[in-house]
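Descriptive structure summary
Residue-level listing of the chains:
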Amino acid sequence: MKYSAYPEYKTSEMNWLNEIPIDWKLRKLRFIVSENFANGIFKKSTFWGSGRKLINVTDVYTNDDLVNQGNLDRLECSDEEYEKYSVKHGDFFLVRSSLKLEGIGKSASILEPEEETVFECHLVRGRPDLTLVDSRFLNYLLNSKYCRDYFVSIANIVTMATIDQVKFKSINLPLPLLNVQIKIAAFLGHKTAQIDRLIEKKKALIEKLNEKRIALITQAVTKGLKPEVPMKFSCVDWLGDVPAHWEIMKLSHVVRLKSGESITSLEFKLTGEYPVYGGNGHRGFFDEYTHEGEYVLIGRQGALCGNINYASGKFWASEHAVVITPDRPVSTLWLGELLRIMNLGQYSVSAAQPGISVEMISRLKIPYPPIEEQEEIAGYISRDISENQQLINVTQKTIERLTEYRTALITAAVTGKIDVRGIDIPSQEAA
């Protein structure tokens, strides 16, 4: 849908926004709040879990930029502390420190607090003057691309990204009349809800396609492609029945498992001759290689330990990847997908960092069909099931485009690039 522009514009005199509608005004953030900005409460973890509701940093990172009051943690605090760190209707909370630069300056508002609520120390509370600004409009504006880019640009980076009040509250904001702010917020609420519903449908489709893909692969690698063949019990609980002519053997009787060679993140490069594979896949490039050929790799350490990747040609396998070398005829794709559906991560050992034992994995029993059947199964996976994966990829791209459109629409509306004043917005019931 194409939207019309405002009749006239004027120079905004802001380095992050060239022009604004002629009847809009520029106001610094500090001049549209009714109270001074305030940092949140800090208390040790022993005070968490009961008491008044608490808005945390994670509560700010929501799709609609509104605090979800049903998911809030709780914190024990005195009446005096509540008075100082209280939350009221329309308040917005801005992230003032973040481990990731892109997280700095993110904000969310709260509407009609359901009970007494406070906010924590990594957030700054702003209390807008509701006679000057609509809280929903302000929230859309602060989370628009222009404001987010500005906040990131003024952040201080040491061990983590931080932003001080002097800098962020001096940002100039383009503001129309209050009734126009309300109209823009209503328009964006309606349009973003439509986009979000469509995104959720696409995500549900991807989930169903993934379930179908997993089911098809599981059937193929554990039962084969010929349902008419005689079956036998495998004596392996997770495997059940398999074709009668398949063998059942330990993984160590089919392949050898060995971790790759040590390499630090400082040694590999963004570009180079040979790819480096770690526990979670491709990490970069290096001037030397440890392996040549086609291999299945198992992630050995980290949150994703047990995941499956493929490597081919000349490459460097790091110590965080377990390289599988066949001792018998094996189809790489068949073996990799068999190991994937075995969910090797379930065998990880909890420690400072989760990890799987090569010795334990080696003792697991697997079905071993003749190499000809392995290759037939691999062909089926790469040919027929790849169509399913292509549809997943297309759907994911659609989600990315919808998300980009959502961001662009919000930014255009709150900075006066499009005029929504004459657009009829359906009631919430009709929407």
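Structural data are supplied above this passage.
Residues numbered from 1 in each chain as written. Predicted model: local features only at pLDDT ≥ 70, side-chain atom pairs only at ≥ 80, totals over all residues. Heavy atoms only, no water.

Concerning the overall build of the chain
Each helix and strand in the chain was counted, giving eight helices and 26 strands. The dimensions of the chain, computed from C-alpha atoms along their principal axes, are 80 × 50 × 45 Å. Only carbon and sulfur atoms are counted for the fraction: they give 51% of the accessible area of the chain, which is about 22,400 Å². Taken together, the 52 basic and 55 acidic charged side chains of the chain have centroids lying 3 Å from each other. (Helix = DSSP H or I, 4+ residues; strand = E, 2+ residues; numbered from the N terminus. Areas by Shrake-Rupley, 256 points an atom, 1.4 Å probe, with all protein chains shown as cover. Lys, Arg positive; Asp, Glu negative; His and termini not counted. Charge placed at Lys NZ, Arg CZ, Asp CG, Glu CD.)

Things to note about the side chain of Gln 181
For Gln 181, the position within the fold is in helix H5 (residues 178-223). There is a polar contact of 2.8 Å between the side chain of Gln 181 and the backbone nitrogen of Asp 134. (Polar contact = N/O pair within 3.5 Å; in protein donor to acceptor, adjacent residues only side chain to side chain.)

Some points on the environment of Arg 52
Mapping Arg 52 onto the fold places it in strand S5 (residues 48-55). Arg 52 sits 22 residues away from Arg 74 along the chain, and the two C-alpha atoms are 5.3 Å apart. Once residues lying within four places of it in the same chain are set aside, the contact partners of Arg 52 are Asp 73, Arg 74, Leu 75, Cys 77, Ser 78, Asp 79, Tyr 82 and Glu 116. At a separation of 2.8 Å, a polar atom in the side chain of Arg 52 contacts the side chain of Asp 79. (Contact = heavy atoms within 4.5 Å.)

Here we look at the environment of Val 166
Summarising the element assignment, Val 166 is placed in helix H4 (residues 165-168). C-alpha separation for the pair Val 166 and Ile 341, spaced 175 residues apart in sequence, amounts to 53 Å.

Focus: the pairing of strand S11 (residues 123-126)
Because side chains alternate across S11, one face comprises the buried residues Leu 123 and Arg 125, and the other comprises Val 124 and Gly 126, equally buried. Bridge count between strand S4 (residues 38-39) and S11: two bridges; the pairing is antiparallel. Each residue of the ladder has a partner; that of Ala 38, found in S11, is Arg 125. (Buried < 20%, exposed > 50% of the residue type's maximum accessible area, 1.4 Å probe, protein only. Pairing = 2+ DSSP bridges.)

Topic: the packing of aromatic side chains
Per the stated rule, a full pass over the model turns up twelve aromatic pairs. Ring centres of Tyr 277 and Phe 315 lie 5.7 Å apart, and the angle between their planes is 90°; this geometry places the pair in the edge-to-face category. Taken as a pair, Tyr 277 in strand S19 (residues 274-278) and Phe 315 in strand S22 (residues 308-317) lie far apart in primary sequence, 38 residues in all. According to the relative accessible area criterion, Tyr 277 is buried, its value standing at 15%. The class for Phe 315 is buried, based on a relative accessible area of 0%. Here the aromatic residues Tyr 6, Tyr 9 and Trp 24 are joined through ring pairs into a cluster of three or more. Looking at Lys 43, its charged tip hangs above the ring of Phe 47, at a distance of 4.1 Å from the centre. Note that Arg 328 overlies the ring of Tyr 368, its terminal NZ or CZ placed 5.9 Å from the centroid. (Phe/Tyr/Trp six-rings, centres within 6.5 Å; stacked < 30°, edge-to-face > 60°. Lys NZ or Arg CZ within 6 Å of the ring centre and 35° of its normal.)

Examining unusual backbone geometry
Not every positive phi belongs to a glycine, and Glu 112 is a case in point at roughly 45°. In this fold, Glu 112 is placed in the loop between strand S9 (107-109) and strand S10 (117-119). Take Glu 112: its relative accessible area is 54%, and that puts it in the exposed class. Its identity as a non-glycine residue notwithstanding, Cys 235 has a phi of 65°, on the positive side. Residue placement: Cys 235 occurs in the loop between strand S15 (231-233) and strand S16 (241-243).

Let's talk about helix H8 (residues 371-414)
With 44 residues, H8 should reach 64 Å at 1.5 Å per residue; the first-to-last C-alpha distance of 62 Å fits that figure. Of all the bends in H8, the greatest measures close to 45° and is centred on Ser 386. (Expected span 1.5 Å × (residues − 1). Bend = angle between axes of the 7 residues up to and from the residue.)

Observations concerning the sheet that holds strand S12 (residues 156-157)
Pairing is antiparallel in the open sheet, where three strands are placed in the order S8-S13-S12. The open sheet has two edge strands with one neighbour each: strand S8 (97-98) and S12. Note that S12 and strand S13 (residues 161-162) share two bridges and pair antiparallel. Across the sheet, Ile 157 pairs through a bridge with Ala 161, a residue of S13.

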